[in-house]
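# An overview of the molecular structure
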Amino acid sequence: MKLAVIEGDGIGREVVPAAVEVLDVFGLEFEKVPLELGYARWERTGTAMSDEDIETIKGCDAVLFGAITTVPDPNYKSVLLTIRKELDLYANVRPVKPLPGIMGVTGRNDFDFVIVRENTEGLYSGIEEIGQDLSWTKRVVTRKGSERIAEYACKLAKQRKNKLTIVHKSNVLKSDKLFLDVCRQVASAHGVEYSDMLVDSMAYSLMMHPERYDVVVTTNLFGDILSDMCAALVGSLGLVPSANIGENYAFFEPVHGSAPDIAGKGISNPLAAILCVKMLLEWMGKVKEASLIDGAISHVLENKLITPDLGGTVSTAEVGHAVAEYVKNALKT
Ligand code: IPM
Ligand code: MG
């Protein structure tokens, strides 16, 4: 198994080493391929990612990614979006699950749902024109794109509570009618219980009644926005992982960004990146190993081995060591 490791910029350089330390403890057969991509590289060389890098990434089976600062150049194309497109990573999967002892903004922990975000089209089509007096971006919804994300979401729902919520804005965006219709058809075909919500009322409902949801499927930008909002339900952006899934490839990244304001201080929370390792192990079918990470995270949280975003004083690296140490001991028993 070949794993590209992309720390990227800012806190990506702190949280990824912590996550890799945890991954290494399992002693699995990984060939790690480190790649330096992003803003720092762009500043040094004028390129954030080359065609050759994309080929190297394609030659791997999966990617563990930190975060990349957006390059301040109007012609710059996001590294992350380029990789998603080049590898056709069509499903962005973002579990929203409370962690032991951590209360988010709503003070509740009775929810457990997954946002499945279409990851290749919608308002991220890249088809746009920027002018002095008129700028526009084309919002693309295709039957194929909607079908495959709905399929993914329904398969996931069947492994969970068999409940799907389709989030859209088809009262205004007529393009969403296709998305809604296709999702309904696919859910019916799978025998998945489904309902739909307009994205604005969904935002409210997720804050008021997060316990109602199981699998939430939506278009690209809505999924982007709702997933950051839902990080507040969990308690910190530093606690939510995500997986970008394609046909035979997967790319794991924390939902948080490169956080230049706290970068280099060693205070960033590595738990989202460590939960990405858990998602990687699950994707590989290593369910037992993945569950050890849950145990390790409960252990660090219960023992207040936590970073300042959660009210602690422990460093990024120390949290990483503590999780790795717990897994090491659990593997011995
Ligand atoms: C995310 C990020 C990206 C997105 C940005 C960095 C391009 O916000 O993964 O949610 O918009 O998809
Ligand atoms: Mg986002």
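Residues numbered from 1 in each chain as written. Chains lettered and ligands numbered in written order. Predicted model: local features only at pLDDT ≥ 70, side-chain atom pairs only at ≥ 80, totals over all residues. Heavy atoms only, no water.

## What to know about the nonpolar core
With 83 residues, the main nonpolar core has Phe113, Leu164, Val217, Phe252, Leu271 and Val323 as its most contacted residues. If one sorts the elements of this core by residue count, helix H9 (residues 271-283) sits on top with 9 residues. Contacts of Leu271, omitting those with residues within four sequence positions, involve Gly238, Leu239, Ile297, Val300, Leu301, Val319 and Val323. Within the second largest apolar cluster, 22 residues are counted, among which are Ala4, Val33, Cys60 and Val63. (Core = buried A, V, L, I, M, F, W, Y, C linked by side-chain atoms within 4.5 Å. Buried < 20%, exposed > 50% of the residue type's maximum accessible area, 1.4 Å probe, protein only. Helix = DSSP H or I, 4+ residues; strand = E, 2+ residues; numbered from the N terminus. Contact = heavy atoms within 4.5 Å.)

## Notes on the site of ligand 1
Near ligand 1 the following residues occur: Leu80, Leu81, Arg84, Arg94, Arg117, Tyr124, Asp224 and Glu253. Arg94 is positioned such that a nitrogen or oxygen atom in its side chain is 2.9 Å from an oxygen atom of ligand 1. Interatomic distance of 2.6 Å between a side-chain N/O atom of Tyr124 and an oxygen atom of ligand 1. Computed on the free molecule, ligand 1 has an accessible area of 320 Å², of which 73% lies beneath the protein chains in the complex. A per-element tally of the shell around ligand 1 places helix H4 (residues 79-86) first, with 3 residues. Split by residue class, the shell around ligand 1 holds 3 nonpolar, no polar and 5 charged. (Near = heavy atom within 4 Å. Polar contact = N/O pair within 3.5 Å; in protein donor to acceptor, adjacent residues only side chain to side chain. Areas by Shrake-Rupley, 256 points an atom, 1.4 Å probe, with all protein chains shown as cover. Nonpolar A, V, L, I, M, F, W, Y, C, P; charged D, E, K, R; others polar.)

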